[in-house]
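Summary of structural features
The chain contents come next:
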Amino acid sequence: MDDIKIDTVEMHTGGEPLRIVTAGLPVLHGETLLEKRRYLRDNLDHIRKFLIFEPRGHYDMYGVYIVEPDMKDADFGCIFFHNEGYSTMCGHAVIALGRYAVDRGLVQKATAPETRVVMQCPCGLVEAFVEYDGEKTGSVRFNSVPAFLFQKDVEVDVAGRGNILVDVGYGGAFYALLPVDRLGLSLAKSSVQELKQAAGLITETLKPSLQLRHPDNADLAFLYGTILTDGNDAGNSPESANMCVFADKEVDRSPCGSGVTARIAQHFQRGLVQLNETRVFRGPTGSKFKAKAVKQVTCGSHDAVIVEVSGQGHYSGTCSFTLEADDSIGKGFLLK
Ligand SMILES: O=C(O)[C@H]1NCC[C@@H]1O
């Protein structure tokens with residue numbers, strides 16, 4: 001790896017960064033998106049580290065490669081990456097990419113009041129609608145892949161905290177979901193460090209014992225993270241705060257698009273929300289996504305819902321990242 005040069009457009013959604021690679025990625029081998037994702041992991045992981053780790057990134061950085069799709073209805077494909085590897089779905093990225101795709105002409109023609117953008121994500125096709133007033137793009141709503149409550153009331157023996165019950169939900173990625181007070185913590189009062197250590201411990205403890213399966217592809221069947229909630233799971237309180245801790249204890253600054261998708265599926269299957277009932281989810285920066293179940297479907301043997309999530313991304317800059325041949329530290333490192 002020497003003399004790399006990679007160009008990016010920088011965006012964020014509710015404070016959660018998105019580093020969009022616009023030039024410099026080598027040719028990816030693989031017919032399908034999931035094969036390309038595997039190729040990146042096995043052959044080009046140094047580029048992920050170059051972009052996510054210090055000195056160009058930081059522990060909680062997030063990025064996306066835009067690639068050729070293999071599903072004919074898709075405008076383009078997305079491969080998301082973070083501090084540990086490559087995720088299967090990313091709602092905050094879809095929200096930012098919707099604007100980017102319209103602004104950069106990745107879709108044929110911007111139309112008011114909304115432009116349709118179809119992205120192939122590793123979990124499947126995601127259909128986004130980008131607000132466009134004839135001059136400027138704005139908020140984005142997207143319909144994700146079928147979401148479902150995989151298992152409810154799973155007992156986790158968490159070191160130092162005893163047996164804790166969690167639900168496991170799928171919203172393009174699998175998450176453990178639980179009210180934070182089960183851990184004796186509070187989203188408002190506990191420190192981010194305390195919350196992320198506790199959530200990370202749940203993910204680590206659960207991973208070896210949880211037999212996850214996804215009807216579409218074995219590559220989708222892994223526990224991506226844990227979402228701590230304020231426990232406001234029912235419609236009598238229209239707004240709920242949560243914090244998503246994913247990958248290697250990375251903290252989502254946004255409410256987490258795939259996470260709120262999983263939460264709506266959980267709420268729907270527990271009878272806590274109805275179809276088309278909008279709930280508002282608040283992330284750690286105070287940023288908000290709206291979400292609702294819009295359709296009942298099935299996914300293999302699971303009763304599932306299509307969830308619509310909406311929010312807005314913003315541009316924060318452009319970068320041209322380089323590496324000199326004699327700079328070994330510059331290949332990427334993390335101080336944890
Ligand atoms: O919004 C989301 O779905 C993503 N944000 C970071 C973690 C998830 O991939």
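Read on for a plain summary of the structure. Along each chain, numbering runs from 1 in the same order as the chain's sequence is written. Restriction of local features to residues with pLDDT of at least 70 applies here, the model being predicted, together with a cutoff of 80 or more for giving and counting side-chain atom pairs; totals for whole chains, interfaces and linings are based on all residues. Water and hydrogen atoms play no part in the side-chain values, which are based on all heavy atoms of the structure.

On to the pattern of salt bridges. When a carboxyl oxygen of Asp or Glu is within 4 Å of a side-chain nitrogen of Lys or Arg, the pair counts as a salt bridge. For the structure on display, the rule yields 18 salt bridges. In this structure, the salt-bridge partner of Lys-49 is Asp-45, at a minimum N-O distance of 3.8 Å. Pair noted here: Lys-49 and Asp-45 are both in helix H2 (residues 45-52), with a separation of 4 residues, about one helical turn. A salt bridge links Arg-282 to Glu-239, with the nearest nitrogen and oxygen atoms 2.5 Å apart. Of this pair, Arg-282 sits in strand S15 (residues 279-282) while Glu-239 sits in strand S13 (residues 239-246); the two residues are 43 residues apart in sequence, bridging distant segments of the chain. Burial classes follow relative accessibility: with a 1.4 Å probe on protein chains only, a residue under 20% of its type's maximum area counts as buried, one over 50% as exposed, and anything between as partly exposed. Classification of Arg-282 by relative accessible area gives partly exposed; the value is 30%. Secondary structure elements are defined from DSSP: runs of H or I of at least 4 residues count as helices, runs of E of at least 2 residues count as strands, and each element is numbered from the N terminus.

One finds Phe-80 and Val-166 to be the most contacted residues of the largest nonpolar core, which totals 83 residues. If you tally residues by element for this core, the top one is helix H3 (residues 91-103), at 8 residues. Setting aside residues no more than four positions away along its own chain, Val-166 makes contact with Lys-152, Asp-153, Val-154, Val-156, Ala-176, Leu-177, Leu-178, Arg-182, Ile-202 and Leu-206. Ranked by size, the runner-up nonpolar core spans 20 residues in total, among them Leu-40, Met-61, Ile-79 and Phe-321. Definition used in this section: a nonpolar core is a set of buried Ala, Val, Leu, Ile, Met, Phe, Trp, Tyr and Cys residues joined via side-chain atoms within 4.5 Å. Here a residue-residue contact requires only that any non-hydrogen atoms of the pair lie within 4.5 Å.

Aromatic contacts are taken between Phe, Tyr and Trp rings whose centres are within 6.5 Å, Trp giving its six-membered ring; a plane angle under 30 degrees counts as stacked, one over 60 as edge-to-face, and the others as tilted. Tallied over the entire structure, the rule returns 9 aromatic pairs. On the numbers, 5.9 Å between centres and 55° between planes, the contact of Tyr-62 with Phe-246 is tilted. Placement of Tyr-62 in the loop between H2 and strand S3 (63-67) and of Phe-246 in strand S13 is noted, with a sequence separation of 184 residues between them. Of the two residues, Tyr-62 and Phe-246, neither departs from the other in class, the shared state being buried. Summarising the aromatic geometry, the rings of Phe-222 and Tyr-224 are spaced 6.4 Å apart at their centres and angled 85° between planes, so their arrangement reads as edge-to-face. Judged by relative accessible area, which is 26%, Phe-222 ranks as partly exposed. A relative accessible area of 5% means that Tyr-224 is categorised as buried.

What follows deals with the side chain of Lys-36. On the secondary structure map, Lys-36 appears in helix H1 (residues 33-43). When charges are tallied, Lys and Arg are placed among the positive residues and Asp and Glu among the negative ones, while His and the ends of the chain are skipped. Of the side chains with opposite charge, Asp-70 comes closest to the buried, unpaired Lys-36, at an N-O distance of 5.6 Å.

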